[in-house]
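Close look at the chain arrangement
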Amino acid sequence: MQAKISALKQNAFNDIASAQDSNALEDCRIKWLGKKSETSQLLKGLKDVAPDQRPAVGALINDLKNEIESTINARRTEMEFEVISRQLEGEAIDVTLPGKRQGLGRVHPLTQTLDAVINIFHSLGFSVAEGPEIESEYYNFDALNIPTYHPARDMQDTFFLENGKLLRTHTSPVQIRVMENRTPPVRVIAPGRVYRNEAINARSYCLFHQVEGFYVDQKVTFAELKGVLGFFAQELFGKGTKIKLRPSYFPFTEPSLECDISCFLCHGSGCRVCKYSGWLEILGAGMIHPEVLKSAHYDPEKYQGYAFGMGIERITMLLYGINDIRLFFENDIRFLSQF
Amino acid sequence: MKISYAWLKKLVNFSYSPEELADYLTMQGIEIASIEKIGGDFDGIVIGKILDVKKHPEADKLSVCSVDVGTNILTIVCGASNVAQGQYVPVALEGSVLPGGQKITAATLKGVTSHGMICSASELNLSDDAKGIMVLEKINPGTPLSQIDGISDYVMEIELTPNRPDCLNMAGVAREISIRSGNPVKYPQPPEVKCTINSTDTIPIAIKNPDLCEQYSAYIIRNVKVAPSPFWLRNALEKIGLRSINNIVDVTNYALMCMGHPLHAFDLDKLNGPEIIVRTAKKNETIVTIDEKERILAEDMLVIADSVKPVALAGIMGGAETAVSDSTTNILLEGAYFNPVSIRKTSKTVGLSSDSSYRFERGTDRAGFVDVLTLAAHMIADLGKASGISTRIDTIAKKPQQVTISCNLDKITSYIGVNIPHNQVLDIFKKLQFSILEQNGKDVKLAIPSFRVDLAIQEDIVEELARIYGYNNIPMAFPGSEFIEFELNKNIQFARKTRSILTGMGFFDIITCSLTNKKVTEEFPSLFTSKQHPALCVKNPISEMQHALQTSLVPNMINVIATNARHAGQTLQFFEIGSIFIPKSPQEANEQTVLCIAVSGKAPKDSITTTRDSWDYFTFKGILEDYFLSLGLRDINYETASIPYLHPGRTACSKLNNEIIGYFGQIHPVAARQYTIDQNTFIGEFLVSPLLCNINALSRYTPLPKYPAVERDLAIVVDKSMTFQIIHDTLTSSLPGLLEKLSIISIYEGKQIPDGKKSINFRMRYRSVDRTLLDDEVDLIHNKLASVLVNQLNCEMR
């Protein structure tokens, strides 16, 4: 009996393995597991087996049935996979073709710099304030210690408006406006658009963006200004950036300075960008002039502070190696996409 | 201003190279912008004396000179028109090399061999003067040019801030060097004159406006011979960019450039009176200034007048009639102190700025100028071989005041934030020539030298101390104050959010110029005012293109699209956040921040990998809806609107709380054609202030629905003009709460629908937050909504 079973099994397996499609496989199933199959015949013949051997033989036949069934199932899965595989083969694509991009927009490079500058000073505890672009002579000049016939008025070419006002030449008027409304301590930056009545060329445009910053309290020192500028330079231009301060003059600060940073391209060894000096001029600053504090009704005997201002176009041009300021305002996608 | 390194060396001892000097001065606040080497080593270039000049036999413009160069006499062909017998000139010998690299060899010019070259100043890299050969003065022939004092030099460009007029001259810069080197300044002294000194030779001088002119001093110099200046003086002035005129004018320029005080020389014989009256101009008075221009004077302008009329615009420019000429013999040399504001005002009004006004308006040395006058008068007497010189004639309307500043040593060092020992502070004061008038512990009262017109208050002393101590020797400290509340303002937060969302949707952030052509503001008036006024304009524009303040960001946006469409083509998406200036009245404008947003593009045909179809209204509106939602604005309504440059049937306004916050739509084909845009373009402009009202709002959690929703469809036929917004508002207001969502499945016009009507299929989703809705209940609600539409909006059910 056992020999019969194993012969039958071998035949069945050979049959299953040679089935080429699902119909042939179904025929196999009927042939080997159907009612008229040899396996069923074996079961029917069980009654002729001696009763004491019947359970063992019965188990053998059951095993045989199960084995054939699972082999057929395995073969079926295999066949289905072959079918899917053939189908997928036909669906093959050139995976190296470019993707269908939704396309991201870009933030304007000036905005990126402006945001970076705002973030650095915000992290130092500066608030952000804004002011109008149309200003009065008072806020743009007089309150900043630049009286009418002061030579310093020549330092900035001004657009005057038909109504007697002007387009602000710097963001410093915001300093006065903020101080008028708050009592010290105040620590504020004022980003914004400013105007200069200059011919448009690669180096100058009729408007640009500035960030003004100031801090007034009872014991604010020049050394602290230096610390803040040093931190700013390292944050924006990279660790290891050094600053150098040169005495300068602005009517609204005393002492006044101009701040250079070590060239971030050549690290001070001299290159075309820094004109072989190793240094790049990036901002002006100083201790707020007592007359300016007085304009805001702060008592200069009690309060002192510093202020600084920088041009965002200049810094952006340095950062990215842009040599024509007009590119910022032309908004050519081929330019904007680079940042 | 240009300064000469060799000249500085004569004024003060120092051992710094030109580069070191430039660095030191810059770090002391006297910025040196550039250094230019002039001259060269001049190997093989010597002084020659021209013994004889003959015309070249073959060429009219050439001369054949025999030149004594010490060792022998050379034949040299020269093309300069100013060549003359007896001149001492620089000669480049055969084999020498000019600073420009030109090698000199014997050359035959039209048959005559020239053994060397007589040089111009330009060929020697000494000045730009290439008009003729350089003429020196009597020096032994054969002397190397390099041995002549001050011939090779470094000329530095100095960029002074307006507060430092004291350094607008060589002596002032020398003072700054002396602070560092510790060596005293050697000011030039008046030469001893050989002529008679006549203390009775005088002229009446009256000052009518003591506030505008505190002192007027003069010298009379008799029988002067106006002649070319000696070589050293010409050389000194030409190096720093001044033209040599004659010995009188050159001396006044020398005094100006060396000592910083403007002087003026009159031809005494041409002064009526002769007398000098310092007064303001009379009504309708005029003067012809040295530049031969007639100037009309106003009554607040200070003039120098003789007994009849103005002879000089005080401190700015002299008159042509009384100017020194070749025939002048007697001279009145003026030195005065004028009020800086008055000079600046007149200079601005007349539109005339000179080296003189530039210095007077910044402030001159009130007490020290008389020494400059004395120096110049004696130099003129000396160089002009005068027969007599007067003593100084002084008219003083106001005495000079000693400026004093009181300061506290602790206060000034703590202001800087560094502990500078007091003896070091006092030492710096001494170097700056501040003398201590009183000292009471840490309180000192300083006398400020009269040349430092910029110092008035304690903070000025702080700056002086800091710059001499060295800005770079001050340590870096960090703020250690109490906590101050700080925030980013809403505009910044709005801009950041907008940028992150819109760039994520493919938009480019642009920045355009807020000044524009006036015509553009007329074509694109502000959308946000009911009453239009002309745009506010700049009074002094450089060009018509930057004349008016923009009233809308739309025209710039259209321009950017047009420019980019030309080369980028395809799909374009831009936005700008910027200011517009809404005219409120003919003289006033209201500054508003707005957002302008636009899409433009054709359906791409030439690529298999582009996803976008041609832009349409609803895609653009969908972007806006997503964007508004991201700002926390859920209740924005839309209405049909009309904007001249937008498509009349595809323009909408957006409303928030019943206020218009912006407009958008398809650009009108006529406007598109005007800007040569040939692709579908949609544009919108929105006020920022209403958009940022929810910028900080925190979302509150709504529990997820627990009960099932039920959906029902509804088909209606309605007038074609009926907007979705009206149907939507009618339905949602009739059934607040249970109608969770209303969507449109289809809109149909045409067969089976009467003309002028459209059919809309809606799908309603109903849900209750507290129970499962039963079918009967939903039917009831749904029918109720249907009857609302029938009754209120005159719809028909299908």
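Residues numbered from 1 in each chain as written. Chains lettered and ligands numbered in written order. Predicted model: local features only at pLDDT ≥ 70, side-chain atom pairs only at ≥ 80, totals over all residues. Heavy atoms only, no water.

**Quick notes on the overall build of chain A**
In terms of helices and strands, chain A carries 12 helices and 9 strands. Here chain A has a C-alpha radius of gyration of 42 Å; the compact-globule value for 339 residues is 20 Å, and the former is much larger. Projected onto the principal axes, the alpha-carbon positions of chain A cover approximately 130 × 50 × 45 Å. Across the 339 residues of chain A, 55% fall into the buried class. Contacts in chain A between residues far apart in sequence, at least 24 positions, make up 67% of those at least 6 positions apart. Carbon together with sulfur atoms contributes 50% to the accessible area of chain A, which is approximately 15600 Å² in total. Averaging the locations of the 38 positively and 42 negatively charged side chains of chain A gives two centres separated by 5 Å. (Helix = DSSP H or I, 4+ residues; strand = E, 2+ residues; numbered from the N terminus. Rg over C-alpha atoms; globule rule 2.2 N^0.38 Å. Buried < 20%, exposed > 50% of the residue type's maximum accessible area, 1.4 Å probe, protein only. Contact = heavy atoms within 4.5 Å. Areas by Shrake-Rupley, 256 points an atom, 1.4 Å probe, with all protein chains shown as cover. Lys, Arg positive; Asp, Glu negative; His and termini not counted. Charge placed at Lys NZ, Arg CZ, Asp CG, Glu CD.)

**Here we look at the overall build of chain B**
Broken down by element type, chain B carries 19 helices and 39 strands. Computed over the C-alpha atoms, the radius of gyration of chain B is 42 Å, more than 25% above the 28 Å expected from 2.2 N^0.38 for a compact globule of 798 residues. In terms of overall dimensions, chain B has a C-alpha envelope of 130 × 85 × 60 Å along the principal axes. With 798 residues in all, chain B has 53% of them scored as buried. A separation of at least 24 residues holds for 70% of the contacts in chain B among residues at least 6 apart in sequence. About 36700 Å² of surface is accessible on chain B, with carbon and sulfur atoms providing 49% of the total.

**Some words on the UniProt feature "binding site: Mg(2+)" (unreviewed entry) in chain A**
Sites flagged by UniProt as "binding site: Mg(2+)" (unreviewed entry) map to A:Glu254. Position of A:Glu254 among the secondary structure elements: in strand β7 (residues 253-262). In this structure, A:Glu254 is in contact with A:Met287, A:His289, B:Tyr415, B:Glu459, B:Asp460 and B:Glu463, ignoring residues within four places of it in sequence. (UniProt positions renumbered as here; feature names shortened; annotations may be inferred.)

**A short note on helix α4 (residues 231-239) of chain B**
Three or four residues apart is the spacing at which side chains of an α-helix point the same way, because the helix has 3.6 residues per turn. All names here are of chain B. Within α4, 7 of the 9 residues are buried, leaving the element largely enclosed by the surrounding structure. All of the buried residues in α4 are Phe231, Leu233, Arg234, Asn235, Ala236, Leu237 and Lys239. Looking at the buried residues of α4, the elements they touch are β1 (2-4), α1 (5-11), β2 (31-38), β10 (153-159), α5 (247-259) and α8 (369-383). Count one or two residues on from α4 and you reach glycine 241, which has phi positive near 90°.

**Some remarks on the sheet that holds strand β36 (residues 710-719) of chain B**
Residues and elements named next belong to chain B. One open sheet accounts for 4 strands, arranged β37-β38-β36-β39; its pairing is antiparallel. With one partner strand each, in any of the chains shown, β37 (739-748) and β39 (796-797) form the two edges of the open sheet. As paired strands, β36 and β39 are joined by 2 bridges and run antiparallel to one another. Each bridged residue has a counterpart across the sheet, and for valine 717 the counterpart in β39 is glutamate 796. This element, helix α18 (residues 724-734), spans β36, β37 and β38 (757-766) of the sheet and lies at about 150° to β37. (Pairing = 2+ DSSP bridges. Axes fitted to C-alpha atoms, helices over the stretch in contact; angles between N-to-C directions.)

**Side note on the interface of chain A and chain B**
Residue-level contacts link 95 residues of chain A with 85 residues of chain B. Between chain A and chain B, the buried area comes to about 7700 Å², and carbon and sulfur atoms account for 59% of it. Among the residues chain A hides against chain B, the three largest losses belong to A:Tyr149, A:Glu162 and A:Pro247. Together they make up 10% of the total. Connecting chain A to chain B are 3 salt bridges. With a closest N to O distance of 4.0 Å, B:Glu576 and A:Arg193 form a salt bridge. Seen at the junction of chain A and chain B, the total is 37 residue pairs in polar contact (both at pLDDT 80 or more). (Buried area = accessible area lost by both parts, 1.4 Å probe. Salt bridge = Lys/Arg side-chain N within 4 Å of Asp/Glu carboxyl O. Polar contact = N/O pair within 3.5 Å; in protein donor to acceptor, adjacent residues only side chain to side chain.)

**A closer look at the state of the cysteines**
Applying the stated rule across the entire model yields 0 disulfides over all chains. Residue A:Cys263 stays outside any disulfide, its sulfur separated by 3.6 Å from that of A:Cys266, the closest cysteine. Given a relative accessible area of 1%, A:Cys263 falls into the buried group. B:Cys119 takes part in no disulfide bond, and the closest cysteine sulfur to it belongs to B:Cys78, at a distance of 9.6 Å. (Disulfide = S-S within 2.5 Å.)

**As for the confidence of the model for chain B**
Taken residue by residue, chain B gives an average pLDDT of 92. The fraction at 70 or more is 98%. Across the predicted assembly, pTM comes out at 0.84 and ipTM at 0.84. (pLDDT = per-residue confidence, 0-100.)

**Examining the nonpolar core**
Counting residues in each nonpolar core, the largest one holds 131 residues, and the members touching the most others are A:Phe121, A:Leu229, A:Phe308, A:Met310 and B:Phe429. Looking at this core element by element, the count peaks at 9 residues for helix α8 (residues 222-237) of chain A. In terms of nonpolar packing, the next biggest core, distinct from the first, is built from 56 residues, B:Val226, B:Leu233, B:Ala255 and B:Ala386 among them. (Core = buried A, V, L, I, M, F, W, Y, C linked by side-chain atoms within 4.5 Å.)

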